[in-house]
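What follows is each chain in one-letter form.
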Amino acid sequence: EPEVTQTPSHQVTQMGQEVILRCVPISNHLYFYWYRQILGQKVEFLVSFYNNEISEKSEIFDDQFSVERPDGSNFTLKIRSTKLEDSAMYFCAGTPSGVGELFFGEGSRLTVL
Amino acid sequence: GENVEQHPSTLSVQEGDSAVIKCTYSDSASNYFPWYKQELGKRPQLIIDIRSNVGEKKDQRIAVTLNKTAKHFSLHITETQPEDSAVYFCAASSSGNTPLVFGKGTRLSVIA
């Protein structure tokens, strides 16, 4: 069964450093999302991406964040200058049609020191 | 935007008993209501979902009910087992590409 894959599984970085989290969605998915989950808290929407552009973003997704689909397969989330409060699990997710089940990746745990 | 409230935040039940988790939503345009189960350190996984054109859906020991008038929906787990122990999240979205908005989660502990 196809799965959403994410790398790295865990990244530790210093405050102020740039981080890129990568996701390979399921091949027939057209709508992509990044969510984050601070330890012990709820899953929070960051951004949705369709047809090579952002379709919606939350208040959390400020100028420090960006998303790209550089080569038609990978889907990346970049945090330009990390802050301590960016420490969280970041989940990539996708759907074929924009409604219905979200298929989550295993997540990338980001620790900012 | 949509706001989803979930209760209780923690729930402990004896093995074999039933568990009920409740959610309310604010956006009357929402029409898709999934429930996700998240085991420790794992990704959220869909366990059941319901759309606004039905009031109840059942899948073995799991059922979801929806009251659109009151804007609330509930997850019912019967004959609970220790492997049901996890965090459960409700969510809501409207049609189109509107992203899912999640509740804060309920940590269910099933005591053997």
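Before reading on, note that the structure itself is shown above.
A quick note: this is a predicted structure, and the numbers were derived from the prediction, not measured. (Residues numbered from 1 in each chain as written. Chains lettered and ligands numbered in written order. Predicted model: local features only at pLDDT ≥ 70, side-chain atom pairs only at ≥ 80, totals over all residues. Heavy atoms only, no water.)

Check the secondary structure of chain B and you find zero helices and eleven strands. Mapped from its N terminus to its C terminus, chain B presents α and β elements in the order β-β-β-β-β-β-β-β-β-β-β. Scaling as 2.2 N^0.38, a compact globule of 112 residues should have a C-alpha radius of gyration of about 13 Å, and chain B matches this with 13 Å. Looking at chain B residue by residue over its 112 residues, the buried ones come to 45%. Considering only contacts in chain B between residues 6 or more positions apart, those separated by 24 or more positions represent 54%. For chain B, the computed accessible surface area is about 5400 Å², with 46% contributed by carbon and sulfur atoms. (Helix = DSSP H or I, 4+ residues; strand = E, 2+ residues; numbered from the N terminus. Rg over C-alpha atoms; globule rule 2.2 N^0.38 Å. Buried < 20%, exposed > 50% of the residue type's maximum accessible area, 1.4 Å probe, protein only. Contact = heavy atoms within 4.5 Å. Areas by Shrake-Rupley, 256 points an atom, 1.4 Å probe, with all protein chains shown as cover.)

This part covers the pairing of strand β8 (residues 75-79) of chain A. All names here are of chain A. Taking burial as the measure, the five residues of β8 include four buried ones, the bulk of the element. One ladder, built from five bridges, connects strand β3 (residues 19-24) with β8; its direction is antiparallel. Across the sheet, the residue bridging to C23 is F75, located in β8. In terms of strand pairing, strand β7 (residues 65-68) meets β8 through four bridges, oriented antiparallel. Among the inter-strand pairings, F65 is bridged to a residue of β8, identified as I79. (Pairing = 2+ DSSP bridges.)

Before going further, it helps to examine the interface of chain B and chain A. Counting from both sides, the interface comprises 18 residues of chain B and, opposite them, 23 residues of chain A. Regarding the contact of chain B and chain A, the summed buried area is about 1800 Å², with carbon and sulfur atoms giving 52% of it. At the boundary of chain B with chain A, the tally comes to two salt bridges. Salt-bridge contacts for B:R43 lead to A:E106; the nearest nitrogen and oxygen are separated by 2.7 Å. For the interface between chain B and chain A, the tally reads seven residue pairs in polar contact (both at pLDDT 80 or more). For the side of chain B that touches chain A, the secondary-structure elements that each account for two or more residues are β4 (32-38) and β5 (45-51) of chain B. Ranked by residue count, the leading element in the side of chain B that touches chain A is β4(B), at three residues. A per-class count over the side of chain B that touches chain A returns eight nonpolar, six polar and four charged. (Buried area = accessible area lost by both parts, 1.4 Å probe. Salt bridge = Lys/Arg side-chain N within 4 Å of Asp/Glu carboxyl O. Polar contact = N/O pair within 3.5 Å; in protein donor to acceptor, adjacent residues only side chain to side chain. Nonpolar A, V, L, I, M, F, W, Y, C, P; charged D, E, K, R; others polar.)

The next subject is the sheet that holds strand β1 (residues 5-7) of chain A. Residues and elements named next belong to chain A. An order of β1-β3-β8-β7 is seen for the four strands of this open sheet, with the pairing classed as antiparallel. Single-partner strands in this sheet number two, and they are β1 and β7. Neighbour to neighbour, the strand axes of the sheet diverge by 15° on average, direction disregarded. The pairing of β1 with β3 spans three bridges and is antiparallel. (Axes fitted to C-alpha atoms, helices over the stretch in contact; angles between N-to-C directions.)

Of the strand pairs in this sheet, β4(B) and β5(B) are connected by six bridges, and their pairing is antiparallel. Paired with B:W35 across the strands is B:I48, a residue of β5(B).

Before going further, it helps to examine empty space enclosed by the protein. The gaps of empty space that remain are located by a probe, the size of a water molecule, rolled over the atoms. Enumeration over the complete set of coordinates arrives at one cavity of 30 Å³ or more. Along its surface, the largest cavity is lined by 13 residues, and A:Y33, A:G98, A:G100, B:T98 and B:L100 are the ones closest to its centre. Residue classes in the lining of the largest cavity are distributed as seven nonpolar, six polar and no charged. (1 Å grid on protein atoms, 1.4 Å probe; cavity = no way out; pocket = protein on both sides within 12 Å on 5 of 7 lines; lining within 4 Å. Points joined across faces, edges and corners; volume = space filled by probe spheres on them.)

All right, on to the environment of A:S9 then. Residue and element names in this part refer to chain A. When you line up the elements, S9 lands in the loop between β1 and β2 (10-13). Separated by 86 residues in the primary sequence, S9 and T95 place their C-alpha atoms 21 Å from one another. Beyond its immediate sequence surroundings of up to four residues, S9 is in contact with G107, S108 and R109.

Counting residues in hydrophobic clusters, the biggest one holds 23 residues, and the most contacted among them are B:W35, B:F73, B:L75 and B:L108. Elements represented by at least two residues in this core include exactly β2 (10-14), β3 (19-25), β4, β5, β7 (62-67), β8 (72-77), β9 (86-92) and β11 (106-111) of chain B. Counting 21 residues, the second largest nonpolar core, distinct from the first, contains A:V4, A:I26, A:F61 and A:A88. (Core = buried A, V, L, I, M, F, W, Y, C linked by side-chain atoms within 4.5 Å.)

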